[in-house]
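Summary of the model geometry
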Amino acid sequence: VSPGTPSKYYLTTPIYYVNDRPHIGHYYTTVAADVLARYHRLRGDDTFFLTGTDEHSLNVDRKAREEGVTTREFVDKMAPQWQETWAKLDISNDDFIRTTEERHKAGVLELVRRVRDAGDIFEGTYEGPYCVSCERFYLEKDLVDGRCPLHPSREIERVEERNFFFRLSAFGPRLREHIKAHPEFVQPEERRNEVLATIESGLEDFSISRESVKWGIPFPDDPTQVIYVWFDALTNYLTAVGYGTDEERFRHYWPANVHLIGKDILRFHAIYWPAMLLSAGLPLPKTVFAHGFLYFKGRKLSKSEGVMLSPFDLAAQLTPGSDEPSASGRDAARYLLLRHVPFGRDGDITYEALVDRYNADLANDFGNLASRTLKILKQYTDGVVPQPPAEVEARTEALHALVAEATTAFHAAMDDLDFSGALEQVWRLVGRANGYIEESRPWDLRKDPSREIALNLVLYNAAEMLRILTYLVSPFLPGAADELAKQLRVPRPMSVHKDGYTLDDVLSWGGLAAGHMTEVGPVLFPRLDKPVLTA
Ligand code: ME8
Ligand code: MG
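Presented here is an overview of the structure given in this document. (Residues numbered from 1 in each chain as written. Chains lettered and ligands numbered in written order. Predicted model: local features only at pLDDT ≥ 70, side-chain atom pairs only at ≥ 80, totals over all residues. Heavy atoms only, no water.)

**Some points on the pattern of salt bridges**
Inspection of the entire model under this criterion finds 38 salt bridges. Note that arginine 357 and aspartate 361 form a salt bridge whose closest N and O atoms lie 3.4 Å from each other. Note that arginine 357 and aspartate 361 are positioned in helix H13 (residues 351-381) at a spacing of 4 residues, about one turn of the helix. Here lysine 447 makes a salt bridge to aspartate 444, at a shortest N to O gap of 3.4 Å. A relative accessible area of 66% means that lysine 447 is categorised as exposed. (Salt bridge = Lys/Arg side-chain N within 4 Å of Asp/Glu carboxyl O. Helix = DSSP H or I, 4+ residues; strand = E, 2+ residues; numbered from the N terminus. Buried < 20%, exposed > 50% of the residue type's maximum accessible area, 1.4 Å probe, protein only.)

**Observations concerning the pairing of strand E13 (residues 287-291)**
Across the 5 residues that make up E13, a large majority, 5, are buried. Neither face of E13 is open: one carries Thr287, Phe289 and His291, the other Val288 and Ala290, and all of them are buried. The pairing of strand E7 (residues 186-187) with E13 spans 2 bridges and is classified as parallel. Considered in E13, the bridge of glutamine 187 is made with phenylalanine 289. The pairing of strand E12 (residues 258-262) with E13 spans 5 bridges and is classified as parallel. By the bridge assignment, glycine 262 is partnered in E13 with histidine 291. Between E12 and its parallel partner E13, the chain crosses via helix H10 (residues 266-280), and the hand of that crossover is right-handed. (Pairing = 2+ DSSP bridges. Right-handed = clockwise from strand over helix to strand, strands pointing away.)

**Here's the deal with the site of ligand 1**
Taken together, the neighbourhood of ligand 1 is formed by 24 residues, with Ile15, Thr29, Asp54, Asp264 and Leu294 sitting nearest. Contacts to ligand 1 include glycine 262, whose backbone N or O atom sits 3.0 Å from an oxygen atom. In the model, a nitrogen atom of ligand 1 is placed 2.9 Å from a nitrogen or oxygen of the leucine 294 main chain. Looking at the shell around ligand 1, the elements with two or more residues in it are strand E1 (8-17), helix H1 (24-42), helix H7 (229-234), helix H8 (236-239) and E12. Per-element accounting of the shell around ligand 1 gives the leading share, 4 residues, to E1. Class assignment of the residues belonging to the shell around ligand 1 gives a composition of 13 nonpolar, 9 polar and 2 charged. (Near = heavy atom within 4 Å. Polar contact = N/O pair within 3.5 Å; in protein donor to acceptor, adjacent residues only side chain to side chain. Nonpolar A, V, L, I, M, F, W, Y, C, P; charged D, E, K, R; others polar.)

**Some details on the nonpolar core**
Among the nonpolar cores identified, the biggest contains 110 residues, and Phe366, Phe419, Trp427, Phe476 and Leu477 are the most heavily contacted of them. At 14 residues, helix H17 (residues 452-473) tops the list of elements feeding residues into this core. Non-local contacts of phenylalanine 419, meaning those with residues more than four positions away in its chain, are made with Ala32, Val35, Leu36, Leu338, Phe343, Met414 and Phe476. In terms of nonpolar packing, the next biggest core, distinct from the first, is built from 70 residues, Leu50, Val115, Val213 and Tyr272 among them. (Core = buried A, V, L, I, M, F, W, Y, C linked by side-chain atoms within 4.5 Å. Contact = heavy atoms within 4.5 Å.)

In structure tokens form, the structure reads like this:
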């Protein structure tokens, strides 16, 4: 059952382009990271969860011009909107990095110098197609009908410039070795095979500076060039933990345990990035996990493709009777996205499917378990947890065994970033707890004074199941878990360690003492009607 000894856990999301506003795709990656961060904090790990904004992009520069403001003014207006969005949606990031910050710039310059000293930078000229949405040079052969394969609605641009290049071609064999020796490095396996195939097909050197671009970090010793936005952006994972500014802190957190990304930016994270780190003599991140893409009724989520679903709208849509997302609506949005789509695969969203699952899993199964358990306690014993009989009978033993088994499987799934699998384990317990109450019929036991001992046992077991579930659901449903901890009067999941407990302590059977008081509170997940809004 034990999730092991606490350790350092550094995880990241991509830094998002500030020309866009946050949509459900960005939210999806960020929620997955938040769930993982909360889980590791619960384990007692020294957790550092990073997100931020990618600001030196041509798209950003052009957008600012369209709006008639300076690029600096534009990014200073947009970046806080991202920060606020995450803060209002319960995202618990420990830091937020902006690539226009001084601490970032210092580290990027340091990395360029290190790579240059290693002899992996040379001057050359580039001529060919460039996709501004990808911020990436393409080979003619990679275009589809003369267009970017990822952004077919956008004109490809032609670039001809003198640039500095990074000698990526020299790193194929070392990258291949590393990936083969560390199967956990690129996940899931399908993505790993894709990366290996790209390496097999031969890696081309790539330009790491731009001559015609003015918005960016000036290249060391050559102010006619700015550093290529991807070289700049990837380095955020180093600079946020002190690279180039705080060596001790950097050595403490680096290498990252996991970079969570979407599959669209796999090549940058699983090929360019490790090659840059190898060149600079820095350790590689332990895992790059590329999840799948979300679609809305088969359409791509992005403004340029015409679908822009805000995570606020999703959470508000899951909040009955209000346009403002409530805690239950925000919890539901997190839960539904991670439960609906196995992490790693593509998935299609419809409000109808989400609302159905909300009513089934959250309003009925989980919400009902919580409210019936606490209401029965209130009604039968004035909220006091009764003393269970000393002798453990078979049905209670079966509950203990199931909790132990599901908890172990839950930890294993979380270690694999299999969020839907972890939730299946939790809902096994939810289902059993509901089944146990129905089979035990406490309402009948209560009518017969000779069955008091049996009734006490049922009440105790139900309360104890609910207490353990409070901690298991907490990374996914932080609002509901907090509310339940309040109603059960047990330590809040966020402060388990501050209160002097370990995760093992709070997940072990028997945490509730006889005589402990509980209270009844508001319904966790009010039922939803069919959605009115369609995007
Ligand atoms: O690429 N489904 O930023 P970006 C799932 N700045 N995830 C999605 C998604 C969808 N439909 N749409 C977007 C960039 N995402 C660079 C990153 S990192 C050093 C620099 C998520 O704003 C997913 O995580 O285009 C994807 O990889 C990311 O947003 C792209 O965000
Ligand atoms: Mg993008």
